[in-house]
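# A structural walkthrough
As a plain string of letters, each chain reads:
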Amino acid sequence: MPTLKELFAQVDEQREEIIALEQALVRIPSVNTGIMPTGDETPVCEYVRDWLADDGIKSEILARVPNRGNIIARIEGTNSDAGLMFMSHTDVVPVEEEDKWRFPPFSATIADGRIFGRGATDCKGLLTAQMYAMRLLMRNDIKLQDSLILASGADEEHGGRYGFGWLAENYPEKIRAPFAVNEGGGTPIDSPSGLTYLLGTGEKGRLQVEIDIKGTSAHASVPWQGSNALYTLHRVLKRIEEYEPERDTSTSLFEHLSVFAIEHKPSAENIDDIIAEMEPLNPRFASMMRALSRMTLTPTMINGGIKSNSVPESIRLTCDVRTLPHQSDDYLREQLDMILEGIPNTTYEIDYMAVPNSSAFETRLGRSIRHATAAALGVDDIQWVPAISTGFTDSRFLRPLGTITYGFSGSHPDDDPMLDHVHGTDESVGINSLISGTKIMLALAIDVLGGE
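Residues numbered from 1 in each chain as written. Predicted model: local features only at pLDDT ≥ 70, side-chain atom pairs only at ≥ 80, totals over all residues. Heavy atoms only, no water.

## Things to note about helix H10 (residues 364-377)
Helical geometry: 3.6 residues make up each α-helical turn, so side chains three or four residues apart lie on a common side. Its 14 residues place the ends of H10 20 Å apart at the C-alpha level, agreeing with the 20 Å of an ideal helix rising 1.5 Å per residue. Those residues of H10 that fall on the buried side of the exposure criterion are Leu365, Gly366, Ser368, Ile369, Ala372, Thr373, Ala374, Ala376 and Leu377. Trailing H10 by a residue or two, Gly378 shows a phi angle of about 70 degrees, which is positive. (Helix = DSSP H or I, 4+ residues; strand = E, 2+ residues; numbered from the N terminus. Expected span 1.5 Å × (residues − 1). Buried < 20%, exposed > 50% of the residue type's maximum accessible area, 1.4 Å probe, protein only.)

## Let's talk about the packing of helix H4 (residues 124-139) against helix H12 (residues 431-449)
For the pair H4 and H12, the least separation of the axes is 8 Å and the interaxial angle reads 50 degrees. By the angle between their directions, the pair H4 and H12 is classed as oblique. You can see that H4 and H12 cross each other, and the crossing is right-handed. Taken together, the residues of H12 that come into contact with H4 (itself represented by Gly125, Leu126, Thr128, Ala129, Gln130, Tyr132, Ala133, Leu136 and Leu137) are Leu434, Gly437, Thr438, Met441, Leu442, Ala445 and Ile446. The class makeup of the residues in the contact of H4 with H12 is 11 nonpolar, five polar and no charged. (Axes fitted to C-alpha atoms, helices over the stretch in contact; angles between N-to-C directions. Parallel < 35°, antiparallel > 145°, perpendicular 65-115°, else oblique. Left-handed = near helix turned anticlockwise from the far one by under 90°. Contact = heavy atoms within 4.5 Å. Nonpolar A, V, L, I, M, F, W, Y, C, P; charged D, E, K, R; others polar.)

## What to know about the pairing of strand E9 (residues 196-203)
Taking burial as the measure, the eight residues of E9 include eight buried ones, the bulk of the element. Where strand E8 (residues 188-189) meets E9, two bridges bridge the pair, whose relative direction is antiparallel. Bridge pairing links Pro188 to Tyr197 in E9. Between E8 and E9, which pair antiparallel one after the other, the connecting turn spans six residues, and Gly194 there sits at a positive phi close to 105 degrees. With seven bridges joining them, E9 and strand E15 (residues 383-389) adopt parallel strand pairing. What sits directly across from Gly202, in E15, is Ile388. Bridge count for E9 against strand E14 (residues 357-358) is two bridges, and the pairing is antiparallel. Following the sheet pairing, Glu203 is matched in E14 by Asn357. (Pairing = 2+ DSSP bridges.)

In structure tokens:
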């Protein structure tokens, strides 16, 4: 078996092939609007299947409905049981204003050491690194003791009902492994202690709240004959804007603030002061602390009115809510009742899309990720901090099955994660991160599964 150093040299030599793979995946538009029919993930799955087949890696495409495929590939070890799963997703969010993009959003244009395109970093960059790691395992005839699964799901961007959620309910045996690595972490962050990586050990809950506001219709020329629901909407929005969520420092991140030269013991009473002190020095970390020290309630969409000359009698306000691990939907109801108290003709419904979830920080998989990252980067003194993701991922479907799951993409320390623009204009991935990610996934598979 080649040494890790020799395998890493192969990754460097095949840099252009890795770039080409990422470009090919980005150029397949698999846009998930959240409204059926949508997604179109099957063409991505078919490309992945054919690409892996070139190296004799078998895979299958499973779909709840036509054209919303999920691909599952497997390298068999000497044991029949799987020991590790590479996770990712194939769908991407829509492009809102294409003319604002520096390059066409599905062109996968290379500029400034980055590949630009919708899905370049969320999540086709991770899929690229995992696929190429599997290719190198096969081409070097590395015999694994336990099997390696690659699973890339549909519909991650709208709840996983056609992806990992459906797979976990209907085909759990096909995605069963003790360990999995997914998106949702693995980015370096500035720290006085040196190179520091955030290991995604869990994620906040995600709920969608629909607030319905009722009025009475009338002709717009005599508005006093009706009751304009938009005026009530104004009151609701003002209450939400002024809402001060309860502060909380119980998540694991706040146990490691000394890594960032923060000596104060964080509490609900002082966390805002700590964030204010950190903001000018490390705005990205300050933003993370803000998100992980409170529930967020964010209005995102408004729908209402039927005609420009009619007083609207029905308005629906959609809000995104992210809860901390211990905050239930009953807690959210208490907060909503408080916010809407005294505002007439308002009701709400809650759709629970993602339950807060996490894996332990100190595990065999965690140690393997540390070893693989140190080897791939040639750096021994890396600091590691557990982090709860402010968004949600498909990892939430694996943890209830008993799978220890971490978010770790293996971004290169020289890449600025603020340039990724996830879900935004000019989304891109650093080429250096594709290369470091490939090396880390390769070393991780060998460390976890055993190679000879």
